[in-house]
Amino acid sequence: MAWKESHKQESRERIVNAAAELFTRKGFNQVGIDEVMTQAGLTRGAFYAHFNSKIDLYEEAIIAAGNAAAQHFSEHVTDTNSIINHYLSEGHLTSTSIRCPLPCLVSDVAHDDERVKQIYTRLYKGFTKHLGSNNGGAEDEDNALLQSVLMIGGMALARSLTDETLAKKILSLTSKAAQQIKPK
């Protein structure tokens, strides 16, 4: 029986989605090809029909995770303060389905190779550009950078704590601080 024409694309999407979830949760070095393919419900051999290397998969998966998070936030927010509130919410803190990869990978990427850092940098620049466009444009780039540092750092720290009360307080205070940054 022949495969449907869409089979290869569907398989690739399953691999990318599985990788996005795993890389966002565990980082680049803690995820193997076998684990990705098991989660995708495919064999290791199928990996090489779609990707040349793990880093190629990582690039596509992290960009896909970033795009999914951006689309999710765009559907729920209309202005910068709404973005900040939604990003630094308990829902985003505990979500297992929609997670911005930036806070999940910030410390992992710092110890990785140059290409992984370049991928993360591209994702971060897209995030700050989106914030800047909601702030009023390029003249507010510094504000967007400051807000992004607060947002990503606050979420990364909150996700790293076992004290839920403290994590929620960090999100709340970080949200207030980021909202106080106004265009000049």
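Residues numbered from 1 in each chain as written. Predicted model: local features only at pLDDT ≥ 70, side-chain atom pairs only at ≥ 80, totals over all residues. Heavy atoms only, no water.

Structural notes on the nonpolar core
Nonpolar side chains tend toward joint burial in soluble globular proteins.
Then, in step 1: Ranked by size, the top nonpolar core spans 48 residues in total, and within it Phe23, Val36, Leu57, Tyr58, Tyr87, Leu102 and Met151 carry the most contacts.
Then, in step 2: Looking at this core, the elements that each hand over two or more residues are helix 1 (7-26), helix 2 (33-40), helix 4 (54-76), helix 5 (80-87), helix 7 (101-110), helix 8 (114-135), helix 9 (141-160) and helix 10 (164-179). (Core = buried A, V, L, I, M, F, W, Y, C linked by side-chain atoms within 4.5 Å. Buried < 20%, exposed > 50% of the residue type's maximum accessible area, 1.4 Å probe, protein only. Helix = DSSP H or I, 4+ residues; strand = E, 2+ residues; numbered from the N terminus.)

Details of helix 4
Then, in step 1: Its 23 residues place the ends of helix 4 33 Å apart at the C-alpha level, agreeing with the 33 Å of an ideal helix rising 1.5 Å per residue.
Then, in step 2: Buried residues of helix 4: Ile55, Leu57, Tyr58, Ala61, Ile62, Ala65, Gly66, Ala69 and Phe73, and no others. (Expected span 1.5 Å × (residues − 1).)

Some details on the environment of Ile152
Then, in step 1: Its location among the elements puts Ile152 in helix 9.
Then, in step 2: With residues up to four places along the chain from it excluded, the contact list for Ile152 reads Tyr87, Leu102, Pro103, Tyr120, Tyr124 and Phe127. (Contact = heavy atoms within 4.5 Å.)

Observations concerning the layout of surface pockets
Then, in step 1: Put simply, the largest pocket is a space of about 330 Å³.
Then, in step 2: Along the wall of the largest pocket there are 16 residues; nearest its centre are Gly66, Ala70, Leu123, Gly126 and Phe127.
Then, in step 3: Those elements that place two or more of their residues in the lining of the largest pocket are helix 4 and helix 8.
Then, in step 4: For the lining of the largest pocket, the element with the highest residue contribution is helix 4, accounting for seven residues.
Then, in step 5: Residue classes in the lining of the largest pocket are distributed as 10 nonpolar, five polar and one charged.
Then, in step 6: In this structure, the second largest pocket encloses a volume near 240 Å³.
Then, in step 7: Along its surface, the second largest pocket is lined by 13 residues, and Ala20, Glu21, Ala65, Ser97 and Arg99 are the ones closest to its centre.
Then, in step 8: Elements supplying a minimum of two residues to the lining of the second largest pocket: helix 1 and helix 4.
Then, in step 9: Among the elements that take part in the lining of the second largest pocket, helix 1 stands out by supplying five residues, more than any other.
Then, in step 10: For the lining of the second largest pocket, the class distribution of residues is six nonpolar, four polar and three charged. (1 Å grid on protein atoms, 1.4 Å probe; cavity = no way out; pocket = protein on both sides within 12 Å on 5 of 7 lines; lining within 4 Å. Points joined across faces, edges and corners; volume = space filled by probe spheres on them. Nonpolar A, V, L, I, M, F, W, Y, C, P; charged D, E, K, R; others polar.)

That's the geometry; what it means functionally is another story.
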